[in-house]
Amino acid sequence: MENILNAFVLLANFVIIPALAYGSQLALGALGVTLIYAVLRFSNFAHGDLMAFGTMITILVTWALQGAGITAGPLPTALLALPVGILGAVLLALVTDAWVYRFYRRQRSDPVVFVIASVGVMFIYNALTRFVIGADDQRFEDGARFVMRVPDFKALTGLEEGIAIRTSQLITLVVMIVTVAAVFWFLQRTRTGKAMRAYSDNEDLALLSGINPDRVVMITWILAATLATIAGVLYGLDKSFRPFTYFQLLLPIFAAAIVGGIGQPLGAVAGGFVIAFSEVMITYAYKGFLTYLLPEGWAPEGLTQLLGTDYKFAVSFIILVLVLLIRPTGIFRGKVL
């Protein structure tokens, strides 16, 4: 029985807890992508670099607060700087819409034109972020690093294996739950949220009902930029900040949105956890886990790893292709691409 408990603790420490944190970050990112697709009807390829820009602003403000001796105690100082990062990302998104996307919207351009425009915007965002903060890894996590440490868990349970829960992982999960609940409440209960849903379902009928399209578009960009910044900051706290990494995150984020059902907010959240658990479970080395469960002498000699961690984004790509081939509407039957 003790071996089974050790195996489960090992799996929880290296698979379940990291996947929950990573899935929360992908869920928030995918939720922003799916809102843009549902309301504005195009895939925003600049979303990953919008995450990077908002995170960069948060980091710069965090460093300024730390330099002034202002911290959040056991919590990361970045939480105090997060509202400024959100404001910066929102302003950038609104300026971009006014200077780029509004022109194509008035021309009633095809969705592919918006996608191509978003690719150009993506490169501009990326260059701007790299110019300001550089291309190297930046770590900005401070405060208490762990909620639970491995030695403390071992002393508490008497098991051979232990669980380490980082503060950033717990904060990620809590912030995700609160943020998603607030977004769903906004979409379901407020007049503006209902207007956004109506505009998404039938644009012409919504206009005839007196809904202001410019206001709907503005609120959509505000929500998307807010979600992007929160997701980016949580990812940076959990791992580190590097602009190119956020560009790479675009693949699992889009995979999450499509797996859950593009245009379906609930599907974006579910898809985020599907992608996260798939990536972590397929790239995890199961040698230690199997050693506890198999009879003595049957333990594998190799790492028993299905795929190296360097190729974890390939998992997202494979899942994305399979979903598009087998069930293009996704889990919650979103719009077909």
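Higher on the page you've got the structure.
What about the overall build of the protein chain?
Now for step 1: Along the protein chain, the regular secondary structure elements total 14 helices and 2 strands.
Now for step 2: A principal-axis box enclosing the C-alpha atoms of the protein chain has dimensions of 70 × 55 × 35 Å.
Now for step 3: Counting all 337 residues of the protein chain, 50% fall into the buried class.
Now for step 4: For the protein chain, the share of sequence-separated contacts (at least 6 apart) that also reach a separation of at least 24 residues comes to 75%.
Now for step 5: With the model as given, the accessible surface of the protein chain reaches about 16,000 Å², and the carbon-plus-sulfur share is 66%.
Now for step 6: Looking at the protein chain, you have 23 positive and 20 negative side-chain charges, and the mean spots of the two groups are 11 Å apart.

Comments concerning the side chain of Gln25
Now for step 1: Within the secondary structure layout, Gln25 lies in helix 1 (residues 2-40).
Now for step 2: Looking at Gln25, its side chain comes within polar contact range of the side chain of Asp238, at 3.3 Å.
Now for step 3: Discounting chain neighbours no more than four positions away, the residues touching Gln25 are Thr172, Ala231, Leu234, Tyr235, Asp238 and Lys239.

Points about unusual backbone geometry
If a residue is not glycine, its phi is most likely negative; likewise, a peptide bond is most likely trans.
Now for step 1: The backbone of Arg41 sits at a positive phi, close to 65°, despite the residue not being glycine.
Now for step 2: The partly exposed category is assigned to Arg41, whose relative accessible area is 28%.
Now for step 3: With a phi close to 50°, Arg108 is a non-glycine residue in the positive phi region.
Now for step 4: With respect to the helices and strands, the residue Arg108 is situated in the loop between helix 3 (78-106) and helix 4 (111-133).

Brief notes about helix 11 (residues 250-260)
Every α-helix winds through 3.6 residues per turn, so residues three or four apart in the chain are directed the same way.
Now for step 1: Taken across its 11 residues, helix 11 has 10 buried, putting it largely inside the fold.
Now for step 2: For helix 11, the set of buried residues is Leu250, Pro252, Ile253, Phe254, Ala255, Ala256, Ala257, Ile258, Val259 and Gly260.
Now for step 3: Where helix 11 is buried, its residues contact helix 1, helix 2 (47-67), helix 4, helix 10 (243-248), helix 12 (265-283) and helix 14 (312-326).
Now for step 4: Where helix 11 terminates, the next one or two residues include Gly261, which has phi positive at roughly 120°.

Examining the packing of aromatic side chains
Now for step 1: Per the stated rule, a full pass over the model turns up 14 aromatic pairs.
Now for step 2: In this structure an aromatic cluster arises from ring pairing among Phe42, Tyr101, Phe103, Tyr104, Phe114 and Trp221.
Now for step 3: Positioned over the ring face of Tyr22 is Lys312, at 5.1 Å from the centre of the ring.
Now for step 4: Here the guanidinium or amino end of Lys312 rests over the ring plane of Phe313, the centre of that ring lying 5.4 Å away.

Considering the nonpolar core
Now for step 1: One finds Tyr22, Leu28, Leu50, Trp221, Phe241 and Leu249 to be the most contacted residues of the largest nonpolar core, which totals 93 residues.
Now for step 2: With residues near it in sequence (within four places) discarded, Phe241 still touches Ala52, Thr55, Met56, Ile59, Thr129, Ile133, Asp136, Asp137, Gln138, Phe140, Gly236 and Tyr246.
Now for step 3: Of all hydrophobic cores here, the second largest spans 6 residues; its members include Ala12, Ile17, Phe153 and Ile163.

The rules we used
Residues numbered from 1 in each chain as written. Predicted model: local features only at pLDDT ≥ 70, side-chain atom pairs only at ≥ 80, totals over all residues. Heavy atoms only, no water. Helix = DSSP H or I, 4+ residues; strand = E, 2+ residues; numbered from the N terminus. Buried < 20%, exposed > 50% of the residue type's maximum accessible area, 1.4 Å probe, protein only. Contact = heavy atoms within 4.5 Å. Areas by Shrake-Rupley, 256 points an atom, 1.4 Å probe, with all protein chains shown as cover. Lys, Arg positive; Asp, Glu negative; His and termini not counted. Charge placed at Lys NZ, Arg CZ, Asp CG, Glu CD. Polar contact = N/O pair within 3.5 Å; in protein donor to acceptor, adjacent residues only side chain to side chain. Phe/Tyr/Trp six-rings, centres within 6.5 Å; stacked < 30°, edge-to-face > 60°. Lys NZ or Arg CZ within 6 Å of the ring centre and 35° of its normal. Core = buried A, V, L, I, M, F, W, Y, C linked by side-chain atoms within 4.5 Å.

Any functional reading would require information beyond the geometric quantities listed.
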